[in-house]
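Here is how the chains run, residue by residue.
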Amino acid sequence: MAFNGKVALITGAGSGMGQLAAWRLAAAGARVAALDVSEKGLAQTTAGKSNIEAYPVDVTRTEAVDEVTLRVTQELGPIDRVINAAAIMPFGRLLDQPTEQIHRLMAINYGGLVNVSKATLPGMLERGHGDFISFSSMLGQMPTLLTGAYAATKFAVSCYTEVLYHENRDRGVRFVCVCPPAVKTPLLQQAIETSWPKLLDGNPPIAPEDVLDAIETSLERGEFWCLPGKGSRLGYVMRRLMPGAVWKQVHKVEGF
Ligand SMILES: NC(=O)c1ccc[n+]([C@@H]2O[C@H](COP(=O)([O-])OP(=O)(O)OC[C@H]3O[C@@H](n4cnc5c(N)ncnc54)[C@H](O)[C@@H]3O)[C@@H](O)[C@H]2O)c1
């Protein structure tokens, strides 16, 4: 992956896959704008990396996202790649999950994507060049028990990104919507602290490196949907062809 002199803007860059993407792109010669609400995470991401700049921001704040994007283009240059990775993932039964938490999930996981797309995409389309990557999830394709509020945000991410792609195809910008299964990152701790679906025990988390490799492959092949991990493609097809059978299995595994 040669990214010499190019500019990448990454949300959720203070941890997990956003952080790893920042390190990889910086190693490939990019100037990286690392956006995150966690200043501690950003300090870890930028430590010892002269070509990664920290931009603390809450992606739910529309004006703040606009301001940061403007600063990034002024300070680093026009943006060549956007990676939307910021998210939270508390789980639980929908009627037990605090209402405020369900709204917060949508504001960050989906609203953040809306804000970032509005701030960054017009510039890339104008220049007829760039990569726009959204992190959805297998849960943005296949709903399961105890994950409903998070999954709803990821269905929204999948839908928004798919329509965004089709409304702007053939204009020089490559779009990828990545739908990983469980990935070994700090995000999983939020499920451990709230509600852990038994389904996750049968499917050990995959490595974040594999997800980022799969994104590069999808970009190269011009594939919009990126489905990393063994069995993801089968799950994607099963959900569409046999949703009843999938639900039957989910109920059996969770035991209710
Ligand atoms: N880890 C998994 O199992 C998994 C599976 C499928 C999809 N995903 C998706 O991949 C993406 C990256 O997840 P990860 O596993 O690296 O998570 P992570 O928890 O390691 O990183 C997420 C980052 O988002 C930041 N963030 C949260 N709220 C924010 C806000 N309001 N403004 C700005 N930043 C904010 C956090 O501070 C954190 O640094 C997410 O969109 C996630 O939903 C993760």
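None of these values were measured; they are calculated from a predicted model.

**Student:** For unusual backbone geometry, give the residues involved together with the corresponding values.
**Tutor:** If a residue is not glycine, its phi is most likely negative; likewise, a peptide bond is most likely trans. In this model, L146 sits at a positive phi of 75 degrees, which is unusual for a non-glycine residue. Looking at where L146 falls in the secondary structure, it is placed in the loop between β5 (130-135) and α5 (148-167). Overall, the relative accessible area of 14% leaves L146 in the buried class. Backbone geometry at D170 places phi at a positive 60 degrees, although glycine is not the residue there. Counting through the fold element by element, D170 comes out in the loop between α5 and β6 (173-178). On the accessibility criterion, D170 (73% relative accessible area) is exposed.

**Student:** Any chance you could break down the sheet that holds strand β7 (residues 225-226) for me, citing the residues and the numbers?
**Tutor:** Strand order in the open sheet formed by seven strands is β3-β2-β1-β4-β5-β6-β7, with parallel pairing between adjacent strands. At either end of the open sheet lies a strand with only one pairing partner, and these are β3 (52-56) and β7. When strand β2 (residues 31-36) meets β3, the two strands line up parallel, connected through five bridges. Its bridge partner lying in β3, D36 is registered against P56. Most of the contacts of helix α3 (residues 62-75) go to β3, to which it runs at about 160 degrees, and overall it touches β1 (7-11), β2 and β3.

Conventions and cut-offs
Residues numbered from 1 in each chain as written. Predicted model: local features only at pLDDT ≥ 70, side-chain atom pairs only at ≥ 80, totals over all residues. Heavy atoms only, no water. Helix = DSSP H or I, 4+ residues; strand = E, 2+ residues; numbered from the N terminus. Buried < 20%, exposed > 50% of the residue type's maximum accessible area, 1.4 Å probe, protein only. Pairing = 2+ DSSP bridges. Contact = heavy atoms within 4.5 Å. Axes fitted to C-alpha atoms, helices over the stretch in contact; angles between N-to-C directions.

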